[in-house]
Structure formats: C-alpha cells, structure tokens
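# Fold and contact review
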Amino acid sequence: MSTFNTSREEIAIVSFVELSPAEASQLDEIETIQTIVSRATDGAGIARDRIGFTVSGSCDMLVGRPFSWIMAMDGAGVSKPIEESHVEMDGAWALYEAWVRLQHGDIDAALIYCFGANAAEDLMQVLALQLDPYYLAPTGINAAEVAALQASAMLASGATERQFAEVAVRAGLAVSVEAALAEPYLHRPLRASDLPRFSDGAAAMVIARGDYARSVCARPAWIQSMAHIADGHSLGARDLSKSPSLEKAARLAGVGAKATQIVEVHAPFGPQEVIALEALKQAGLSADAKVNPSGGTRAAQSVMVAGLAAIGRAASAIHRGEASRTVGHASSGPALQHNLIAVLEERS
Amino acid sequence: MQQPIDGVLEAPYVMEYTYRRSLGPVMSAFFTALRDGRLLGARTASGKLVVPPLEWDPETGAAIAGLEPAAEEGVVTAATWVAAPEPRHLLQEPFAYALIQLDGASTAMLHAVACASLEACPVGTRVKLVWSESRTGSLRDIRCFEPVN
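What comes next concerns the included structure. (Residues numbered from 1 in each chain as written. Chains lettered and ligands numbered in written order. Predicted model: local features only at pLDDT ≥ 70, side-chain atom pairs only at ≥ 80, totals over all residues. Heavy atoms only, no water.)

### Some details on the overall build of chain A
- Helix and strand counts for chain A stand at 13 helices and 12 strands.
- Computed over C-alpha atoms, the radius of gyration of chain A comes to 19 Å, within 12% of the 20 Å expected from 2.2 N^0.38 for 348 residues, which places it in the range of a compact globule.
- Summarising its shape, the C-alpha atoms of chain A cover approximately 55 × 45 × 40 Å along the three principal directions.
- When burial is assessed residue by residue, chain A has 61% of its 348 residues classed as buried.
- A total of about 12600 Å² of accessible surface is found on chain A, and carbon and sulfur atoms cover 53% of it.
- Averaging the locations of the 27 positively and 39 negatively charged side chains of chain A gives two centres separated by 7 Å. (Helix = DSSP H or I, 4+ residues; strand = E, 2+ residues; numbered from the N terminus. Rg over C-alpha atoms; globule rule 2.2 N^0.38 Å. Buried < 20%, exposed > 50% of the residue type's maximum accessible area, 1.4 Å probe, protein only. Areas by Shrake-Rupley, 256 points an atom, 1.4 Å probe, with all protein chains shown as cover. Lys, Arg positive; Asp, Glu negative; His and termini not counted. Charge placed at Lys NZ, Arg CZ, Asp CG, Glu CD.)

This is the structure we're talking about:
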C-alpha cells in the first residue's frame, strides 16, 4: 500500500444520505441540495460551523448551462461565506478532494454533495462528450455504443452473455438469466437489461477527523485509504476487456490487505461489473465479499451521484454495524476509464 | 426571428463543444495526411506502431520516435451494430462501429465498417479503408472500412 493513498490523519465518513429518485424528481436543484445537506448535517447532529470545507460534484453538460453548480450552491447555505470547491465529476471525486483537504489537520469536518438531473438532450450522447474531440467524438459514437464495443471485446476474450445476464439479475433489471437473454439486442451485444436506468438523484456526505468523528457517529467508517487512476483516453490503445486502472487503484488502496465483507461497485453498464470485479479480485479482494448488497446503483442511475452513492452505501454498512471492512468503487467514462477506490474500516 | 407559437416560448438547444483547439505536431500531421489520402501511425521508442498516432507512448508515456505510413488493411477487434443510424453517425445506412487493428499496428482505431449485418463483419473480419471523395482533414476523410472480399 502506498503511503500517499493512506489517510495521514484519522478521517472517517460520519454521515451519508441520498435522495430517492421519486423524491429527487419532485424538487428543483436548490431544494434538492437544501434537503440532502440539512439531512447529512443537522439531521446527523453535525453542527454547520464545524464544517471547514465544502465540495460539490456535478456536470454542467447535464443541465445545459455553464456554472449551474454556482446557483445550486445556494441550497448548501452560503449566506455566511464558506470555503468551497467543485469538481465537474461524480461526487466520489469531490470526496477525494475533501479527504485530501482534511489531511492538512486544521479543520474538523468537510461536506460533500452531488446532484444529477436527467439531461435536456439524449444522456448517452451527453456522456460521450467525455471522449477525445479528435479521434473518437467525430465518429458520432455515444456512451452506450462505446460500452457495447467494450462488451464485444469481452466476448472476444472469453466472457459470455450469460455473465452479463447474471449481473442484470443482481441489479434488479431482469427477473431471470433466461429472461435477460431473451431480450432483443439494443446495442449488440448489449440488451436493455445491460444498460443503466437513469434517474434524477442527489447525495450528501460528511467526513470528519479523529475525536470529532467519534463524537458525532457511533460507528464511524474510517477511510483507511483512497486511490484513483485513469486509463489512457484512446479506446483502441488498451485491452478494453480489462481495467488496468481499477486494478492498480485497488492495489494502491490496499484492498487485499485484509478481509473485506462488502464491496459496492459502480459500473454503469452491466458487463463492466464483470470487469470491475475481476480487477478487484486480481488486487486481492476477498472472494466471499458480498457484491452490491445495497442493490447497486444501476436500476436508478443518477449521473454524478452514483459513484459517491456506492462509497456512501459501503460506509453505511459500517455505520449500521453490518460489516467491519468495506470497499467502495466509483467510475467515470463510458468504457470504465477512470476508477476510484475507497477502503473503509470500523475501528474499536 | 420566429414568433412564439400559442404563447409558448421556445429556445434552441444545441449541444456542441464550442472551443477552438490546436491539434499539435502529431495529430496535425495525421489529419493533413488524411486530407491527402494517406494514413500515418506513430512509431514508439519500443518499436510499436500506434494508429491513430498519439504524441506519447500509451504504455510508457515516452515521446514517440516518429511518424510513418500505416497499412490501410486490418482486423476488427471489437464491433457493435448500429441498426438505425442517426444524423450524428458516420454512415446513414446500418453499419458496425468497430475497433480496427491495422496490419503492423499495436493499437486499434475506432471507425465504421460498412457491411450487411454484424454476422458479415464480426470480430476477426479483415477490413480495408475506403477514402471519402472530398477530404477536409478530419476523421471523416475516411468514409468507412469494408470487409475484404
């Protein structure tokens, strides 16, 4: 394990909330953020004045206007000026920034929130804007078609459509393997049950240091380590059926150092869950770790939220006393290009 | 300006990437060559050929050794079928998106393969490049690839 990826200060996730898709769809952005932020702080007995840093994660491309997160910040409460930052990424990377900030050791706690509304345009097309503007975007390919190429590369190197169907059943997107395999192809070899179901969503999290963490949370989920790595931009320059960046991130985070009971994987397209689990296994993840006991994020995928949700759910399992060590995974990119791993532990 | 219909206000929504960008030494040479009907790849210090070319070796991050002509034939390494093309697509008749590893290259390039169905151009199919008649220095100077025989 790299010392760079290990917490230098004692830092724990002490609070995590997410909005149900039904709730999120009833609220505008500011109301959404006001709701989750107050639940994650006031609702969890965390005083706002102990929060020294606030980071949000969202994507202007989803809303269709620049700097949309500035307006949304009103919901977090800024009438007394706050120190804040933003990532144009999933909230998991906002968590990473907050974690780095807390390691300075001068503030007690940090607030992370993220939100994602459905796009005004075709979401699969919006997500493809992450592709490079020279060799990939001019082909007009969308995110689902990129994921389909990846699934094709997996089949060419020995994976089976049955494996994809098993993931779909676990995600609640098909009633049985047979039912999944009976669906027509949408983007061959992908079927409807291999694709995410997009929904509005939002989530908020508070991380805190040492004694303050212990004072506000009965069972803090201590962040043992975090690491994130991206694969090269070019789709054809690596073996798409594997995720070297995820395996490397998991090794840097020391996933295999101890037994893990629960892993929450964020793979937007079903076959990518197969890739992610194989990479985690290569990095030493316990073979008997439960995969996505929360149900995973794919049946109600909120873009920019799902990654933080996976890590938050891994933390919640420790908060509830269901596990003593969990791993949360967040990803970005239609071919699982960028991967973040958080290793969480209970400490007595 | 168009009048609002029945009192409903309308605004255009165009999704685009409104940034000017320079191509740099490697991609500039690649796209200029495409305009002239030639395909270039990048030779890495370790001897591998990267097509389309990158400024840096994707494995090591080292600067490439230079550019050289690449083969116009290769093999499909991944493919998906587009049954109902939209205006954004490379071809307006059903086609396959494919990763194509050109002969001698260590990487694959994303483009369209014109074929009757995915059964006609699965992974492993040999394909060759088809040039567009009018070329402007973009990826669309390659019209598509098509199966060899």
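### Describing the side chain of B:Thr125
- Its location among the elements puts B:Thr125 in the loop between strand S6 (109–113) and strand S7 (126–131).
- Reaching out from B:Thr125, the side chain makes a polar contact with the backbone oxygen of B:Pro122 at a distance of 2.5 Å. (Polar contact = N/O pair within 3.5 Å; in protein donor to acceptor, adjacent residues only side chain to side chain.)

### Here we look at helix H11 (residues 244–252) of chain A
Residue and element names in this part refer to chain A.
- All of the buried residues along H11 are Ser245, Leu246, Ala249 and Ala250. Taken end-on, H11 shows its buried residues confined to a sector of 130°, consistent with a single buried face.
- Residues of H11 that are buried sit in contact with strand S8 (221–230), helix H12 (270–282), strand S11 (325–332) and strand S12 (338–345). (Arc of directions from axis to C-beta. Contact = heavy atoms within 4.5 Å.)

### Overview of the layout of surface pockets
- What the largest pocket holds in volume is close to 1000 Å³.
- Residue lining of the largest pocket: 44 residues in total, with A:Val126, A:Leu127, A:Leu129, A:Gln130 and A:Leu131 positioned closest to the centre.
- It is helix H6 (residues 123–127) of chain A that provides the largest number of residues to the lining of the largest pocket, a total of three residues.
- Along the lines of polarity and charge, the residues of the lining of the largest pocket split into 25 nonpolar, 13 polar and six charged.
- Space inside the second largest pocket adds up to approximately 530 Å³.
- As for the second largest pocket, its lining consists of 26 residues, and the residues nearest its centre are A:Asp231, A:Gly232, A:His233, A:Ala237 and B:Pro58.
- Of all the secondary structure elements, the ones that give two or more residues to the lining of the second largest pocket are S8 and H11 of chain A together with S6 of chain B.
- Of the residues forming the lining of the second largest pocket, the biggest block, three residues, is contributed by H11(A). (1 Å grid on protein atoms, 1.4 Å probe; cavity = no way out; pocket = protein on both sides within 12 Å on 5 of 7 lines; lining within 4 Å. Points joined across faces, edges and corners; volume = space filled by probe spheres on them. Nonpolar A, V, L, I, M, F, W, Y, C, P; charged D, E, K, R; others polar.)

### As for the pattern of salt bridges
Residues and elements named next belong to chain A.
- What the rule picks out here adds up to 29 salt bridges over all chains.
- Notably, a salt bridge pairs Glu161 with Arg191, separated by 2.8 Å at the nearest N-O pair. Of this pair, Glu161 sits in helix H8 (residues 161–170) while Arg191 sits in strand S6 (residues 190–191), placing them 30 residues apart in sequence.
- Arg191 sits in the buried class, given a relative accessible area of 8%.
- With its nearest N and O atoms 3.3 Å apart, the salt bridge here joins Asp239 to Lys242.
- For Asp239, a relative accessible area of 39% corresponds to the partly exposed category.
- Where salt bridges share partners, they join Glu10, Asp211, Arg214 and Arg347 into one cluster. (Salt bridge = Lys/Arg side-chain N within 4 Å of Asp/Glu carboxyl O.)

### Structural notes on the state of the cysteines
- Under the defined criterion, the tally for this structure stands at one disulfide over all chains.
- One disulfide bridge connects B:Cys115 with B:Cys121, the sulfur atoms lying 2.0 Å from each other.
- On the accessibility criterion, B:Cys115 (14% relative accessible area) is buried.
- Exposure remark for B:Cys121: the relative accessible area of 1% places this residue in the buried category.
- Not part of a disulfide, A:Cys114 finds its nearest cysteine sulfur in A:Cys59, a span of 12 Å. (Disulfide = S-S within 2.5 Å.)

### Comments concerning the side chain of A:Ser56
- Looking at the element boundaries, A:Ser56 is found in strand S2 (residues 51–57).
- If we ignore the near neighbours within four places in the chain, the residues touching A:Ser56 are A:Trp69, A:Ser85, A:His86, A:Val87, A:Ala94 and A:Tyr113.

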